[in-house]
Amino acid sequence: MNTLLEIHDLHATVQGKEILKGLSLTVKEGEVHAIMGPNGAGKSTLGAVLTGKPGYEVTAGSVLFKGRDLLAMSPEERSWAGLFLSFQYPVEIPGVSITNFLKTALSCRRKAIGLPELSPAEFLALRKEKMALVQMKPEFVKRDVNAGFSGGEKKRNEIFQMAMLDPDLSILDETDSGLDVDALRIVAEGVNKLHTPKKASLVITHYQRLLDYIVPDFVHILKDGRIILSEGRELVAEIEEKGYEGF
Amino acid sequence: MKQQLVIYGAANDGLRNPAAGVPAVCATLPEEITLAANEECSLVLIVLPESAKPAAGRLAPATPSDPEAAPATTPAELSLRVKLTGRGAAFRFHALCLGTGSDHFSLRTEVEHLCPDASSDQLIRCIAGGNSRLSFDGLIKVHPDAQRTQALQTSNNLLLTDTAKVATAPQLEIYADDVKCSHGATTGSLDEEEQFYMRSRGISLEKARLLQLRSFVHPVLEAVEDEKRREELTSFVAEALSAL
């Protein structure tokens, strides 16, 4: 199995405050990793730093993605390289339809990696196939990106975009927040269907809930900017029982 | 009353003389509009920078041009006075002003409520790029007997460069006591969070900016009632945006 992501001793600050304090993690193809931890531990910061969000400064450490220096790449280059972040709070873009948004995203990406543009027919076929994956109604893609969406619709749209972009490493940041049980199941099933032995996921969550559906191979407890414990999936139940205080 | 569309900076026959059934574009903004009881007026104004003029012929279909409707070059300033003189009169105004290079442009609106139970609603969106200077002055005057007036005014401005400037001066003069009036003005640059969201999906910075601009102008274009016209104008404006 090839290594997709290698984080070594990562330190990062936001507005001068150190949030990540020496985080190391290796993710290989086919693996599902869960990052669990209390509020303020640095979970979302990890997702933000990996995808290159402005305002997050890496002060030490290194990150390799497929052997390349991830931190030297722009957010769009990271996406083209096969990285995806499902946002905890997806952004609303009124006036830009989901279809237009995704056409632009795919066209930029295909251009960047030297592939020809998809024909309109190819795009429609791909869209139809991926919409089925998250049980989306056809009229959905005509709507503006996240504008006026419910929490569940936003998250479903995230997974739909993930399906369209077909990343090798997906980071799911609190994808379960704001979802009712039915939406949670649909979203999780979508993620599971997208998983292959060549792909990996990093599932960031507070709760056990999502991990009942997306079963992790490894569970890491992130506390105060560091991973303090890494075990198998049995750790989830232990966390549920003891709380993060117990570690 | 039919909706009026006024475009400056677009010397394009196709826009001015559209196919049958599609509302025409006026050559100039009227200086004064008076609305009597139950009269309604909806006006959409688009001011494009001269340099961002799309190539002629991109918008179909052109018919012989009207000599009265001479190509409207963008003037340095435009002003509009609106008087609401009868109950039930309603004025809707949506404006979009784009500036680039060394464009200077100022827009002034003066909306006077002279009677009770009339309404006015204005949305003005400006995008200033390059070294351009854009300004908007908006006065809403509610006369003493204009009770139950509803007057809204929103001015949103986007600065694309450090050297571009916008000035916005909303003013309310209210002499009646039972009214619903509000004005709001915002000025900012492109939202980074939004930009990051798009870039994280593989949309290049350049394209992300363009989508953000389209999103910003959307509420003005959305006000165009005729669907065919709206689509035409949307692609027309999109082209102007890519030149900012």
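Our subject is the structure that appears above.
Residues numbered from 1 in each chain as written. Chains lettered and ligands numbered in written order. Predicted model: local features only at pLDDT ≥ 70, side-chain atom pairs only at ≥ 80, totals over all residues. Heavy atoms only, no water.

Caption draft 1: Representation of the side chain of Thr149 of chain B. Residues and elements named next belong to chain B. Mapped onto the elements of the fold, Thr149 is located in the loop between β9 (133-142) and β10 (150-159). Given the relative accessible area of 1%, Thr149 is considered buried. Ignoring sequence-local partners within four residues, the contact set of Thr149 consists of His113, Cys115, Ala118, Val142, Asp178, Val179, Lys180 and Cys181. (Helix = DSSP H or I, 4+ residues; strand = E, 2+ residues; numbered from the N terminus. Buried < 20%, exposed > 50% of the residue type's maximum accessible area, 1.4 Å probe, protein only. Contact = heavy atoms within 4.5 Å.)

Caption draft 2: Local environment of the packing of helix α5 (residues 151-165) of chain A against helix α6 (residues 181-194) of chain A. All names here are of chain A. Between α5 and α6, whose axes approach to 10 Å, the crossing angle comes to 10°. Compared by their axis directions, α5 and α6 come out roughly parallel. From α5, Gly152, Lys155, Arg156, Ile159, Met162 and Ala163 reach across to α6, where they touch Ala183, Ile186, Val187, Gly190, Val191 and Leu194. The residue inventory of the contact of α5 with α6, partitioned by class, reads 8 nonpolar, 2 polar and 2 charged. (Axes fitted to C-alpha atoms, helices over the stretch in contact; angles between N-to-C directions. Parallel < 35°, antiparallel > 145°, perpendicular 65-115°, else oblique. Nonpolar A, V, L, I, M, F, W, Y, C, P; charged D, E, K, R; others polar.)

Caption draft 3: Looking closely at the environment of Asn192 of chain A. Residue and element names in this part refer to chain A. Within the secondary structure layout, Asn192 lies in helix α6. Each C-alpha atom of the pair Asn192 and Asp212 lies 12 Å from the other, and the pair is 20 residues apart in sequence. At 2.9 Å, the side chain of Asn192 forms a polar contact with the backbone oxygen of Tyr213. (Polar contact = N/O pair within 3.5 Å; in protein donor to acceptor, adjacent residues only side chain to side chain.)

Caption draft 4: Up close: the side chain of Thr13 of chain A. Relative to the helices and strands, Thr13 of chain A resides in strand β1 (residues 3-14). Excluding its chain neighbours within four sequence positions, the residues that come into contact with Thr13 of chain A are Glu18, Ile19, Gly55, Tyr56, Glu57 and Thr59 of chain A.

Caption draft 5: Geometry of the state of the cysteines. Residue and element names in this part refer to chain B. This structure, assessed with the given rule, holds 0 disulfides over all chains. Lacking any disulfide linkage, Cys97 is separated from the closest cysteine sulfur, that of Cys126, by 4.2 Å. Judged by its relative accessible area of 1%, Cys97 falls in the buried class. (Disulfide = S-S within 2.5 Å.)

Caption draft 6: Seen up close, the pattern of salt bridges. If you walk through the whole model with that rule in mind, you get 24 salt bridges over all chains. Glu76 of chain A is the partner of Arg199 of chain B in a salt bridge, and the nearest nitrogen-oxygen pair spans 2.6 Å. Placement of Arg199 of chain B in helix α2 (residues 192-200) and of Glu76 of chain A in helix α2 (residues 75-80) is noted, with the two residues assigned to different chains. The burial state of Arg199 of chain B is the same as that of Glu76 of chain A; both residues are buried. Note that Arg185 of chain A and Asp182 of chain A form a salt bridge whose closest N and O atoms lie 3.8 Å from each other. Of this pair, Arg185 of chain A and Asp182 of chain A are both found in helix α6, 3 residues apart, which corresponds to roughly one turn of the helix. Its relative accessible area of 47% is what places Asp182 of chain A among the partly exposed residues. (Salt bridge = Lys/Arg side-chain N within 4 Å of Asp/Glu carboxyl O.)

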